[in-house]
Each structure stands twice: as C-alpha cells, then as structure tokens.
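# Descriptive analysis of the structure
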Amino acid sequence: MAHEPLQRASEELRAAAEAATGDERDRLDRQADQFAKLAETGADHGRLARHENALREIEAATDGEAAERIEAAMDAITAYRETIEGV
C-alpha cells in the first residue's frame, strides 16, 4: 500500500503517546489519530510539513522512548514524502 509509511507513523506516535505524560501524551494521541486517517487518504507536502512542525515541538518537550518513537515516526513521514510529487 502506498500509504503504509503514514500508518507506520501513526503506530509510532501511538507508542510515543504511551511513553509520554501530560499534554504531550494528548497531543501525540491526536497526531496518531490524524496519521491513521491520512494513511487511508494520503497527504500533500504542505499538510505533512504542518504535522512535522507540531511533532518537532512535541519532541522537544519529551525525552527517552517517547522522543525515540517520534523520531521513528518522522522517518516514516520522510519515507512517504519521497513518494509524492511536489516540493
């Protein structure tokens, strides 16, 4: 499936949420939900860039496993972006 990296990003963000606490946990859960939806429909570069900015902000407020899982999600997003045209 062409959108598999987005599903992988969702799964990594769900795992990051489980390792996080407080507001970061809630934000990661919302991001995981959004990426699960994007895995069904796809996304353009602009939308992914907005998500990446939010994830960088969340990552800066976390550490340990949560930060590692966010980084893994970012890798999956990058892999997906390489498959779409545009910027």
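The numbers attached to residues start from 1 for each chain and follow its sequence in the written order. Under the rules for a predicted model, residues below a pLDDT of 70 receive no local features and side-chain atom pairs below 80 are neither given nor counted, while totals for whole chains, interfaces and linings still include all residues. Think of the side-chain values as coming from all heavy atoms in the structure, minus any hydrogens and water.

What follows concerns the nonpolar core. In globular proteins that are soluble, nonpolar side chains generally tend to be buried together. Judged by nonpolar contacts, the single largest core of 22 residues is most densely connected at Leu13, Leu28, Phe35, Leu55 and Ile70. A run of DSSP states H or I qualifies as a helix once it reaches four residues; a run of E qualifies as a strand once it reaches two. Both are numbered from the N-terminal end. For this core, the secondary-structure elements that each account for two or more residues are helix H1 (4–19), helix H2 (22–41), helix H3 (45–60) and helix H4 (64–81). At seven residues, H4 tops the list of elements feeding residues into this core. Contacts between residues were defined by any pair of non-hydrogen atoms, one from each residue, lying within 4.5 Å. With sequence-adjacent residues up to four places away left out, Leu13 is seen in contact with Leu28, Gln31, Ala32, Phe35, Leu55, Ile70 and Ala73. Residues belong to one nonpolar core when they are buried, are Ala, Val, Leu, Ile, Met, Phe, Trp, Tyr or Cys, and are joined through side-chain atoms within 4.5 Å. Using a 1.4 Å probe on the protein chains alone, a residue whose accessible area is under 20% of its type maximum counts as buried, one over 50% counts as exposed, and one in between counts as partly exposed.

With that out of the way, let us pick up the side chain of Thr62. Residue position: Thr62 is located in the loop between H3 and H4. Here Thr62 falls in the buried class, since its relative accessible area comes to 16%. Those residues in contact with Thr62, other than ones at most four positions away along the chain, are Glu24, Ala67 and Ile70.

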